[in-house]
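# Examination of the molecular architecture
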Amino acid sequence: MKEEQLSVEQQTLERLNFASAGLGKAIINSEPYNNFIKARNRFRIDESAKDASMEYNTVLRDYQMRANYGGLTSDDEKIIEEARKKAMGNNVLRDSHTSQEKLIGLYQEVNEYLSEKLKFNFAELAKPAGGCCG
Amino acid sequence: MIETQIKYITDEFVRSLQSTPEVIEYIDALNNYESDMELSSLTEKYYSLSAEFQKKQYDGTLTQPEIAELRVLASRIQNNKVNKELAEKQNSVKEILRGCNATISNEISMDFAKLAAPTSGCCG
């Protein structure tokens, strides 16, 4: 009886594992995923895009640090907006950002769709344990 | 708009989850929690008193008996059978869901749940 029960549990887990892998595979076959991979690969070999990204990230880090300490002025808002515009002027970097946003949008949509059916938020409970930003 | 193929596969995934004992038990516990009148009245009272006492704390008029009253309420909520049951079932379901997320994430080479979860207040 115990062995039978174990086998039912194993079957349930295997079915769940199969369905989870299926969902992952469906995502990697989707347009947003493929667009992201292509854009990311282009970014990785483009020196000017990497420089533009680094430059923007330096400004962004400084901005976030000031924001955390409550020292933001309207000048900082202008600086970050200009830095963002400059970075997005690089086509490869812009494509990489846009495709990443679209992919995350897809993940969120899938999560909303399945969470509505489950009646609880899947991602909220399934995300790895850790700090709130972990 | 989710692609039809993803929708179809997601439906399969949902059906597999819905037939998992841990998920069934968690949903039952969630329904019990939501329909428990005593618990909802205790929780409502707790939040309303917390807000009221926070104001008093700013004004420096919060008394020890008031702090004690809030603590008693919190302890009654924590020890409520339905609440405890929900916490227990949530721990079990989390284990199952994290396993599913690990499998999905392994396929897509990034953490699905972390990216798909609604952004929380503390991390923006």
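In the block above lies the structure referred to throughout.
Scope of this entry: the structure provided in the associated data block.

Reading the values: the criteria
- Residues numbered from 1 in each chain as written.
- Chains lettered and ligands numbered in written order.
- Predicted model: local features only at pLDDT ≥ 70, side-chain atom pairs only at ≥ 80, totals over all residues.
- Heavy atoms only, no water.
- Helix = DSSP H or I, 4+ residues; strand = E, 2+ residues; numbered from the N terminus.
- Rg over C-alpha atoms; globule rule 2.2 N^0.38 Å.
- Buried < 20%, exposed > 50% of the residue type's maximum accessible area, 1.4 Å probe, protein only.
- Contact = heavy atoms within 4.5 Å.
- Areas by Shrake-Rupley, 256 points an atom, 1.4 Å probe, with all protein chains shown as cover.
- Expected span 1.5 Å × (residues − 1).
- Polar contact = N/O pair within 3.5 Å; in protein donor to acceptor, adjacent residues only side chain to side chain.
- Salt bridge = Lys/Arg side-chain N within 4 Å of Asp/Glu carboxyl O.
- Buried area = accessible area lost by both parts, 1.4 Å probe.

So, on to the overall build of chain B. Along the backbone of chain B there are six helices and zero strands. Along chain B, from the amino end to the carboxyl end, the secondary structure elements read α-α-α-α-α-α. Its C-alpha radius of gyration of 20 Å places chain B more than 25% over the 14 Å reference for a compact globule of 124 residues. For chain B, the spread of C-alpha atoms along the three principal axes comes to 60 × 35 × 25 Å. Within chain B, the fraction of its 124 residues that count as buried is 35%. In chain B, of all internal contacts separated by at least 6 residues, the share reaching a separation of at least 24 is 67%. Summed over its atoms, the accessible surface of chain B is roughly 7,700 Å², and 49% of this surface lies on carbon and sulfur atoms.

Here helix α5 (residues 81-108) of chain B spans 40 Å end to end across 28 residues, near enough to the 40 Å set by a 1.5 Å rise per residue. Backbone nitrogen of Val82(B) and a side-chain oxygen of the N-cap are separated by 2.8 Å at the start of α5(B); the cap is Asn80(B).

Moving on: the side chain of Ser105(B). Residues and elements named next belong to chain B. Along the polypeptide, Ser105 turns up in helix α5. In this structure Ser105 comes out as buried when scored by relative accessible area, which is 12%. A distance of 3.1 Å separates the side chain of Ser105 from the backbone nitrogen of Phe112, its partner in a polar contact. If we skip the residues at most four places from it in the chain, Ser105 touches Met110, Asp111 and Phe112.

Attention shifts here to unusual backbone geometry. Of note in this structure, Lys119(A) is not a glycine but carries a positive phi near 75 degrees. The phi torsion at Ser109(B) lies on the positive side, around 60 degrees, for a residue other than glycine. Inspection of the secondary structure puts Ser109(B) in the loop between α5 and α6 (112-116).

The next subject is the pattern of salt bridges. Within the structure shown, the criterion is met by 13 salt bridges over all chains. A salt bridge links Glu25(B) to Lys89(B), with the shortest nitrogen-to-oxygen separation between them at 3.1 Å. Linking Glu25(B) in helix α2 (residues 21-35) with Lys89(B) in helix α5, this pair joins segments that are 64 residues apart in sequence. Beyond isolated ion pairs, a larger network of salt bridges with shared partners links Asp62(A), Arg66(A) and Asp76(A).

Each side of the interface is counted separately: chain B has 47 residues, and chain A has 46 residues. Buried surface at the junction of chain B and chain A, summed over both partners, amounts to about 4,200 Å²; 72% is from carbon and sulfur atoms. Of all residues in chain B, Ile6(B), Glu107(B) and Phe112(B) bury the most surface against chain A, accounting for 13% of the area lost on that side. Counting the contacts that link chain B with chain A gives two salt bridges. The partner of Glu107(B) in a salt bridge is Lys25(A), and the shortest N-O contact between them spans 3.1 Å. If you look at where chain B meets chain A, you find 10 residue pairs in polar contact (both at pLDDT 80 or more).

Residues and elements named next belong to chain A. Position of Ser115 relative to the elements: it lies in helix α5 (residues 91-118). Looking at Ser115, the relative accessible area reads 10%, which means it is buried. Beyond its immediate chain neighbours, meaning those up to four positions away, Ser115 contacts Phe120, Asn121 and Phe122.

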